[in-house]
2 protein chains.
Amino acid sequence: MPEQVIELLKEQHEEKPVRELNDLGIRKTERPRLVILGGGFGGLHLIRALRKQDFQVVLIDKQNHHTFQPLLYQVATSGLEADSIAYPLRKPLNAHPDCHFRMVEVTEVVPEKNLVVTNGGTLRYDYLVIATGARTNYFGMKDIERHALPMKSISDAIGIRNRLLRNYEEALLINDPEQKDQLMNVVIAGGGPTGVELAGAIAEFKKYIMPHDYPDLDVKSAKIHLIELTPELLPAMSDEASQKAEEYLRQLSVIIKTNTKIEGYDGRVVRTDAGNIPARVMLWTGGVSGAILPGLGKGLVTKKGRIKANASGRVKGYDNVFAIGDVAQIETKNYPQGHPQLASVAVQQGKFLATNLTRHIKGKELKEFHYINKGTMATVGRKKAVVDMKKWKFHGAAAWLVWLSVHLYSLVGFKNKVVTFINWAWNYFNHDRETRLIIKD
Amino acid sequence: MPEQVIELLKEQHEEKPVRELNDLGIRKTERPRLVILGGGFGGLHLIRALRKQDFQVVLIDKQNHHTFQPLLYQVATSGLEADSIAYPLRKPLNAHPDCHFRMVEVTEVVPEKNLVVTNGGTLRYDYLVIATGARTNYFGMKDIERHALPMKSISDAIGIRNRLLRNYEEALLINDPEQKDQLMNVVIAGGGPTGVELAGAIAEFKKYIMPHDYPDLDVKSAKIHLIELTPELLPAMSDEASQKAEEYLRQLSVIIKTNTKIEGYDGRVVRTDAGNIPARVMLWTGGVSGAILPGLGKGLVTKKGRIKANASGRVKGYDNVFAIGDVAQIETKNYPQGHPQLASVAVQQGKFLATNLTRHIKGKELKEFHYINKGTMATVGRKKAVVDMKKWKFHGAAAWLVWLSVHLYSLVGFKNKVVTFINWAWNYFNHDRETRLIIKD
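Residues take numbers from 1 onward in each chain, read along the sequence in its written order. Here chains are named by letter from A upward and ligands by number from 1 upward, in the order in which they appear as written. Residue-level local features of this predicted model are given only where pLDDT is at least 70; pairs of side-chain atoms are given and counted only at 80 or more, and the full residue set underlies all totals for whole chains, interfaces and linings. Side-chain numbers here rest on the full set of heavy atoms in the structure, without hydrogens or water.

1. Some words on the environment of Ile-85 of chain A
Residues and elements named next belong to chain A. Let me state the cut-off plainly: Under the DSSP-based scheme used, a helix requires at least four consecutive residues in state H or I and a strand at least two consecutive residues in state E, with every element numbered from the N terminus. We call two residues in contact whenever any of their non-hydrogen atoms come within 4.5 Å of each other.
Looking at where Ile-85 falls in the secondary structure, it is placed in the loop between helix 3 (72–76) and strand 4 (86–88). Taking the C-alpha atoms as reference, Ile-85 lies 9.5 Å from Val-419; in sequence the two are 334 residues apart. Filtering out sequence-adjacent residues up to four positions away, Ile-85 remains in contact with His-66, Thr-67, Phe-68, Leu-71, Leu-72, Val-75, Leu-80, Ile-154 and Leu-411.

As structure tokens, this is what we get:
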């Protein structure tokens, strides 16, 4: 191990015992080593699109599975089994001749030394791709961070499911009307796609399942509040989509408050600038920021926590460091402020980078990324969705079928597609969701 | 609330604040109230078989779902999604006109007062059915209780899956051969059906999945030990079945140690009277005892923690208290020491008790329970199972198909059957198990 590396490590990890430069047990081969941080949409599609002989691939993630985040809200609302929207990260690597996965947490990158430092040791790279995605952003509000529930991982979604169901069970045992209100109400913070989809799914749960499941509860007294800071829901979509989503949610008795700011939450009462709402559960979909790792030059990171990269995906100032997906701000002519933080962007950037890296090691010039916006959509419930395409905006049952098809098609893994399809068919025909289980906390 | 009840509660719960006699928020109707403790096979089949107009039914369980325990081992070994072997307990109650479920923990029964005391309040009954099942029995070995993993609930099974997969991930990062051995080895304590099925499933995981998933690990060095106290595996089955199971497991390289006593476990090394085995994970299937609640007369509980009941299912000494399933020792002419602790016994006792209770409130004489033993079976792996029937014992692919069919048929819930079938078909044709996910701990 080079002396300067030892010193560097010693300096930065004085409290903890330093794991040595063990390359995480991976032997160097003749291929250039490509280290990918993160197995989300970007990382996964990059690996799948890579030519098999070009690189030694090392994928690093703190989870051992890919999470299909667009369907997390269905796990949270008892519509889908958790495992059917997750995919083991070791599987796509099986196809490559020189591939490795390590479940470790990256604590730092040292681009000057081509090093990644993790809680399992230190790893050298020839090429580094940062695809760490985004984290929940509480904008510094500590009480909200402590009491609200986020929804970024499968474990978060299961946590929400457990909490919602447990609250209804507890409400049955309580006579005090104030406490009962708190247990029955739900506040969703953030009127973007995730917030809208959560609100719709919880509202349908109350409409179709609760009257049968909880004959002893006054189900109508259970309120769902959706709070949005800006003047309309789905601010990133068309006015038509925003209005239609709002209309759908009102049909499902969701109480919508736009132009409303959440000021605090103590686990029992949500304080907003338009009054207080009693609720034992607040779901926070109010914002994200890039999952930044220590070690990159500070000027590279934007206020929203994204890494500035040029049109070829290369992080500014480095030759062999790239960034894609939610954590990256790839600046192109059409998107000088970077691209929206969507799964479709990450997928396209992953595939694009595979081509670019292959060009690079062959000495060819790097290409520029062009995002093809095929449209955006959100679903509110049964036969209720909104779709914005470039020339065509539509809603209702047709939009809902498009939404179902696109998500089923995009789900990773054939078995997951089949199991999800069966769950959806079952839920559709029976107005039922059989995964309403409180499993573990 | 009657004064003597208050006093009784005060006496017995001096530390904790006493919840009042709130009947858990359930209003008394004209129907006699039947309280069922436990939504396992016995409780669930009792409810399903009850005539709808006869009773007010109150089901109590600390979980909100039924667990199909015979398939827990497949969840533990990445073969099935957890939710597909669970079933929401509120669903079967939907069909009844006057039915109630409460997710609370029973702390005590007071049969003299027809009362059940729970952590959510106190509940009166007209008829009580104890169907609380069995708990893991460590036979007083505290260190084993602390370090070994049990497998009685879905959360236990997920815990095992997480631990097994996490150990392999960790083994990749470690060079020390002793620690690596500990991480790769698995010890299974108990050679009954659960132990045999676990050993087979883990062995197949190592054979079919690990070589692809962990190219950097020396998979062959990973050992699976199956320890049994008595001279043979599956002691409750025929000699033929025992021998065949042993043969199958040896083919899968499982190290079998019969006539061996486990003496202790510190989380790293299992001590037996035949030597030490390094292993970071020990799965304990070594025994169960009935899940007894405080409050029943002591003479009623056997050494194995089962409640003595007569042939009609009635707990000895009480008129309106019944017991079924693993917790009950229903003594009949053919089974003077009670029945084996099997799902099929609990199912039959549940159905039987529904008939008997209906007879009872109509003033008819109670019937006696007769167990129809349709056979017992265990599976070791692909096309490897053993079946003991009264006149016919067989093994191999035919037995395996019988095992698959019976379990698929017995699974509770149509959607669960379909999803399980798809998982099995997928696993069979692809030698794959896609639920190899570490989700939550």
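Let's pick the thread back up.
2. What to know about the side chain of Lys-244 of chain A
Inspection of the secondary structure puts Lys-244 of chain A in helix 9 (residues 239–251). Excluding residues that lie within four positions of it along the chain, Lys-244 of chain A makes contacts with Val-386 and His-395 of chain A.

3. Observations regarding the interface of chain B and chain A
For clarity, the cut-off: Between Lys or Arg on one side and Asp or Glu on the other, a salt bridge is scored when a side-chain nitrogen of the former is within 4 Å of a carboxyl oxygen of the latter. A 3.5 Å cut-off defines polar contacts: any pair of N or O atoms within that distance qualifies, except that in protein one atom must be a possible hydrogen donor and the other a possible acceptor, and neighbouring residues in sequence count only when both atoms are side-chain atoms. Asp, Glu, Lys and Arg are counted as charged, while Ala, Val, Leu, Ile, Met, Phe, Trp, Tyr, Cys and Pro are counted as nonpolar; the rest, among them Gly, fall into the polar class.
Across the boundary between the two partners, chain B contributes 55 residues, which contact 56 residues of chain A. The interface formed by chain B and chain A includes 12 salt bridges. Note that Glu-434 of chain A and Lys-91 of chain B form a salt bridge whose closest N and O atoms lie 3.0 Å from each other. If you look at where chain B meets chain A, you find 24 residue pairs in polar contact (both at pLDDT 80 or more). Looking at the side of chain B that touches chain A, the elements with two or more residues in it are strand 4 (86–88), helix 4 (90–94), strand 5 (99–103), helix 6 (154–171), helix 8 (193–213) and helix 12 (414–430) of chain B. When grouped by side-chain class, the residues that make up the side of chain B that touches chain A number 24 nonpolar, 15 polar and 16 charged.

4. Re the sheet that holds strand 1 (residues 33–37) of chain A
Residue and element names in this part refer to chain A. Test applied: Here, strands pair whenever DSSP counts at least two bridges between them. Axis lines are fitted to C-alpha atoms, over the contacting stretch for helices. Their N-to-C directions set the angle, which ranges from 0 to 180 degrees.
On the basis of which strands lie adjacent, the open sheet formed by 5 strands has the order 5-2-1-9-20 and parallel pairing. One side of each edge strand has no neighbouring strand; the edge strands of this open sheet are strand 5 (99–103) and strand 20 (321–323). Taken pair by pair, the neighbouring strands of this sheet meet at an average axis angle of 20 degrees, ignoring direction. Pairing analysis gives 3 bridges linking strand 9 (residues 127–130) to strand 20, with the strands arranged parallel. Considered in strand 20, the bridge of Val-129 is made with Phe-322. Lying over the sheet, helix 2 (residues 41–49) contacts strand 1, strand 2 (56–61) and strand 9, oriented at roughly 150 degrees with respect to strand 1. Across the sheet, helix 10 (residues 343–361) touches strand 1, strand 9 and strand 20, and the angle it forms with strand 9 is around 165 degrees.

5. What to know about the relation of the copies chain B and chain A
This is how it is decided: The copies are overlaid by a least-squares fit using only the C-alpha atoms of residues whose pLDDT is at least 70 in both copies.
By a simple turn and slide, chain B fits onto chain A: the slide is 0.0 Å along the axis, the RMSD is 0.0 Å, and the turn is 180 degrees. Between the two chains, the operation in question is that of a two-fold axis. Minimal C-alpha distance to the rotation axis in chain B is attained by Val-419 of chain B, lying at 3.0 Å.

6. Description of helix 12 (residues 414–430) of chain A
To be explicit about the condition: One fewer than the residue count of a helix, multiplied by 1.5 Å, yields its expected span. Here the term buried applies to any residue with accessible area under 20% of the maximum for its type, exposed to any over 50%, and partly exposed to those in between, with areas from a 1.4 Å probe on protein chains only.
With 17 residues, helix 12 of chain A ought to run about 24 Å at 1.5 Å a step, and its terminal C-alpha atoms sit 24 Å apart, in line with that. Within helix 12 of chain A, the full set of buried residues consists of Lys-415, Asn-416, Val-419, Thr-420, Ile-422, Asn-423, Trp-424, Trp-426 and Asn-427 of chain A. Contacts made by the buried residues of helix 12 of chain A are with helix 3, strand 4 and helix 11 (397–410) of chain A together with helix 4 and helix 12 of chain B. Following helix 12 of chain A by one or two positions, His-431 of chain A adopts a phi angle in the positive range, close to 45 degrees.

7. Here we look at the domain arrangement of chain A
Heads up, the rule is: As used throughout, domain bounds are those supplied by an automatic or database domain assignment.
Domain boundaries assigned for chain A yield domain 1 (3–62 + 104–136 + 289–361) and domain 2 (142–286). Here the C-alpha centre of domain 2 of chain A lies 36 Å away from the C-alpha centre of domain 1 of chain A.

8. Brief notes about the packing of aromatic side chains
Each aromatic ring pair is specified by the distance between its two centres and by the angle formed by the two planes. Basically, it comes down to this: Stacked, tilted and edge-to-face pairs are distinguished by plane angle, under 30 degrees for stacked and over 60 for edge-to-face with tilted covering the rest, among Phe, Tyr and Trp rings (Trp via its six-membered ring) whose centres lie within 6.5 Å.
What the rule picks out here adds up to 26 aromatic pairs over all chains. Each ring, one from Trp-403 of chain A and one from Trp-424 of chain A, has its centre 5.8 Å from the other, and the planes form 40 degrees; the classification is tilted. Here the residue Trp-403 of chain A occupies a position in helix 11, and Trp-424 of chain A occupies one in helix 12, the gap between them amounting to 21 residues. Like Trp-424 of chain A, Trp-403 of chain A is buried. For the pair Tyr-335 of chain B and Tyr-371 of chain B, a centre-to-centre distance of 5.8 Å together with 65 degrees between the ring planes defines the contact as edge-to-face. Of the two residues, Tyr-335 of chain B is situated in the loop between strand 21 (328–330) and helix 10 (343–361) and Tyr-371 of chain B in the loop between helix 10 and strand 22 (376–381); the sequence distance between them amounts to 36 residues.

9. With respect to the sheet that holds strand 17 (residues 281–284) of chain B
Residues and elements named next belong to chain B. Spatially, 4 strands are ordered 13-12-11-17 in an open sheet, and the strand pairing comes out parallel. With one partner strand each, in any of the chains shown, strand 13 (255–257) and strand 17 form the two edges of the open sheet. Put simply, the sheet's adjacent strands are angled 20 degrees from each other on average, direction ignored. Alignment of strand 11 (residues 186–189) against strand 17, held across 4 bridges, turns out to be parallel. Each residue of the ladder has a partner; that of Val-186, found in strand 17, is Val-281.

10. Details of the confidence of the model for chain A
Regions with low pLDDT carry predicted coordinates that are not meant to be interpreted in detail. Counted only if it meets this: pLDDT is a per-residue confidence score from the predictor, ranging from 0 to 100.
Of all residues in chain A, 95% have pLDDT values of 70 or greater, and the mean over the chain is 93. Scored below 50 in pLDDT, residues 11–18 of chain A makes 6 contacts in the model with residues more than four places away or belonging to other chains.

11. Some details on the pattern of salt bridges
In this structure the tally under the stated criterion is 36 salt bridges over all chains. Salt-bridge contacts for Asp-23 of chain A lead to Arg-33 of chain A; the nearest nitrogen and oxygen are separated by 3.2 Å. In this pair, Asp-23 of chain A is assigned in the loop between helix 1 (3–12) and strand 1 and Arg-33 of chain A in strand 1, connecting sequence segments 10 residues apart. The class of Arg-33 of chain A is buried, set by a relative accessible area of 0%. Through salt bridges with shared partners, a single network forms among Lys-91 of chain A together with Asp-213, Asp-432, Glu-434 and Arg-436 of chain B.

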